Amino acid sequence: RVKEQGKNNYQFYTSDMNEVVSRRMNLEIGLRKGIIKNEFTVHYQPQVDILSGTVVGVEALLRWQHPQLGLISPAEFIPLAEETGLIIPIGEWVLREACRQNKEWQDANLPPMRIAVNISTRQFQQSGFVEVVSRALKDTGLEPKYLELELTESIVQNSVHAIAIMHKLKEMGLFLSIDDFGTGYSSLSYLKLFPIDSLKIDQSFTRNLMEDAKDEALVHTIINMAHNLGLKVIAEGVETGEQLQYLLQRHCNEAQGYYFSKPVPPDNISNLLGSVSA
Ligand code: C2E
Ligand code: MG
Ligand code: MG
Ligand code: MG
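Each value, and the rule that gives it
Residues numbered from 1 in each chain as written. Chains lettered and ligands numbered in written order. Predicted model: local features only at pLDDT ≥ 70, side-chain atom pairs only at ≥ 80, totals over all residues. Heavy atoms only, no water. Near = heavy atom within 4 Å. Polar contact = N/O pair within 3.5 Å; in protein donor to acceptor, adjacent residues only side chain to side chain. Areas by Shrake-Rupley, 256 points an atom, 1.4 Å probe, with all protein chains shown as cover. 1 Å grid on protein atoms, 1.4 Å probe; cavity = no way out; pocket = protein on both sides within 12 Å on 5 of 7 lines; lining within 4 Å. Sits in = over half its atoms within 2 Å of the grid points. Nonpolar A, V, L, I, M, F, W, Y, C, P; charged D, E, K, R; others polar. Helix = DSSP H or I, 4+ residues; strand = E, 2+ residues; numbered from the N terminus. Expected span 1.5 Å × (residues − 1). Contact = heavy atoms within 4.5 Å. Points joined across faces, edges and corners; volume = space filled by probe spheres on them. Donors = N, O, S within 2.8 Å, 3.2 Å for Na, K, Ca; no water. Buried < 20%, exposed > 50% of the residue type's maximum accessible area, 1.4 Å probe, protein only. Salt bridge = Lys/Arg side-chain N within 4 Å of Asp/Glu carboxyl O.

Q: I would appreciate a short explanation of the site of ligand 1 in the present structure.
A: Around ligand 1 sit 22 residues, and of these R63, N118, Q203, E239 and Y258 come closest. Note that a nitrogen atom of ligand 1 is positioned 3.0 Å from one of the side-chain N or O atoms of Q45. Within the side chain of E239, a nitrogen or oxygen atom sits 2.5 Å from a nitrogen atom of ligand 1. When isolated, ligand 1 has an accessible area of 810 Å², and the protein chains bury 83% of it. In a pocket analysis with a 2 Å cut-off to the grid points, ligand 1 is assigned to the largest pocket. Per-class residue counts for the shell around ligand 1 are nine nonpolar, six polar and seven charged.

Have a look at this one:
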């Protein structure tokens, strides 16, 4: 088939491939250097209690400023960091930085709130993960109840191990949530086994909530299911007042999205507290 399409097509295809491969190699080498050279920063996005309109948490989202390639999206570099194992040092850095930042806000007398940190399954499954978390809390002085870990459904791959770790984290007093809920390939049975506190409805369901009756049915069902299981529920990717009104009527607990704020640098957070309202 390649021959049929002629030489030019074939060459075009290979040079394209080379570009992808060399960007990948560049990023991989860059990731290693980036840790040492302080190229990572964390932005924060508010999580709002829908009924009261107050900010009850912020999600820490990693940002990488590459010296040549500019700002690179975590959607691109996190998968690479997971494949190479670099997610372990990078993830630990984010965790410690988020805890430190939250303590700094508390020491500056901002209203206390939870900080939510995304944890890759590979990071969660490393031996000594519980110690990494407890050290981050101890070293920064942050109380465990102000730290939330966002896990994904892919941790069910090794669920016996995962459940044991989650119980230890719960005993420490942390808040645990399942991120991107409904997009994994796992069965629902883990919901009765995992000691979690909340579900985050994936933004792909929230996005067309008002236009697509099926998305609406899914969002409505996830909210009810979470509540029936005694869990809180937070909707990601809320962009409009109509979506927020719908979520309020359906008793969704919290919302997060551009409607309130994009992820912002830490200095901008104090301006957002109190100013957002449902
Ligand atoms: P996530 O954890 O589901 O984070 C939510 C993503 O949705 C963020 O993208 C956020 O900027 C974006 N978002 C928030 N509100 C809206 C909205 O209203 N509309 C739209 N269209 N998007 C919205 P971001 O920051 O690019 O991060 C992408 C993903 O990268 C995250 O998805 C998370 O899975 C991963 N990630 C980010 N930081 C970390 C980290 O420190 N560790 C790990 N393991 N993964 C991370
Ligand atoms: Mg998340
Ligand atoms: Mg996530
Ligand atoms: Mg998500």
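That was the structure; now back to the text.
Q: Help me out: how do you make sense of helix 6 (residues 159–172) in this one?
A: Since the α-helix turns once every 3.6 residues, residues separated by three or four places project in the same direction. The end-to-end C-alpha distance of helix 6 is 20 Å, a good match for the 20 Å that 14 residues give at a rise of 1.5 Å each. Of the surrounding secondary structure, the elements contacted by the buried residues of helix 6 are helix 4 (121–124), helix 5 (129–140), strand 5 (147–152), strand 6 (175–181) and helix 7 (190–193).

Q: Can you walk me through empty space enclosed by the protein in this structure?
A: If you roll a probe as big as a water molecule over the atoms, it shows you where there is empty space left. Applying the stated criterion across every chain, the model contains one cavity of 30 Å³ or more. Size it by volume and the largest cavity reaches roughly 50 Å³. Forming the walls of the largest cavity are Q47, R114, E148, F175, S198, K232, V233, I234 and E254. Broken down by element, the residue count for the lining of the largest cavity peaks at three residues, all from strand 8 (residues 232–235).

Q: Could you clarify how one ought to interpret the coordination of the magnesium ion (ligand 4) in this entry?
A: For a metal with four tetrahedral donors the ideal donor-metal-donor angle is 109.5 degrees, while six octahedral donors give ideal angles of 90 or 180 degrees. Donor atoms from the polypeptide that bind the magnesium ion (ligand 4) are D179 (OD), D180 (OD), E236 (OE) and E236 (OE), placed at 2.0 to 2.5 Å. Motif for the magnesium ion (ligand 4), donor spacing along one chain: D-D-x55-E. In this structure the magnesium ion (ligand 2) is found 4.1 Å away from the magnesium ion (ligand 4), and D179 serves as a bridging donor for the pair. Of the residues examined, D179 reaches a relative accessible area of 5% and is grouped as buried.

Q: What exactly am I supposed to notice about the coordination of the magnesium ion (ligand 3) here?
A: On the protein side, the magnesium ion (ligand 3) has N118 (OD1) and D179 (OD) as donor atoms, found 2.1 to 2.5 Å from it. Separating the magnesium ion (ligand 3) from the magnesium ion (ligand 2) is a gap of 3.2 Å, bridged by N118, which donates to each. Taken together, the residues span a long stretch of sequence, with N118 in strand 4 (residues 114–118) and D179 in strand 6 at a distance of 61 residues.

Q: Explanation requested: unusual backbone geometry in the structure shown.
A: For residues that are not glycine, phi is negative in most cases, and the peptide bond is trans in most cases. A positive phi angle is found at D180, which is not glycine, with a value near 55°. Not every positive phi belongs to a glycine, and H251 is a case in point at roughly 65°. By the element assignment, H251 lies in the loop between helix 10 (241–249) and strand 9 (254–255).

Q: I keep staring at the environment of L69 and nothing clicks. Help me out?
A: Among the structural elements, L69 can be located in the loop between strand 2 (55–66) and strand 3 (70–72). C-alpha separation for the pair L69 and L137, spaced 68 residues apart in sequence, amounts to 34 Å. Sequence-distant contacts of L69, defined by excluding residues within four places in its chain, comprise R23 and L27.

Q: Explain the pattern of salt bridges to me, please; I cannot follow it from the model alone.
A: Between side chains of opposite charge, a pair can form as their charged atoms come close. Following the criterion strictly, the structure yields 18 salt bridges and no others. Among the salt bridges present, the one from D139 reaches R96, with a minimum N-O distance of 2.8 Å. With D139 in helix 5 and R96 in helix 3 (residues 87–107), this pair connects stretches of sequence that are 43 residues apart. What makes D139 partly exposed here is its relative accessible area of 49%. By relative accessible area, R96 is classed as partly exposed at 27%. The closest approach of N and O atoms between R250 and E216, which form a salt bridge, is 3.7 Å. Pair noted here: R250 is in the loop between helix 10 and strand 9 and E216 is in helix 9 (residues 213–228), with a separation of 34 residues, a long-range link. Judged by relative accessible area, R250 falls into the partly exposed class, the value being 28%. Here the salt bridges do not stand alone but share partners, grouping R24, E28, R32 and E83 into one network.

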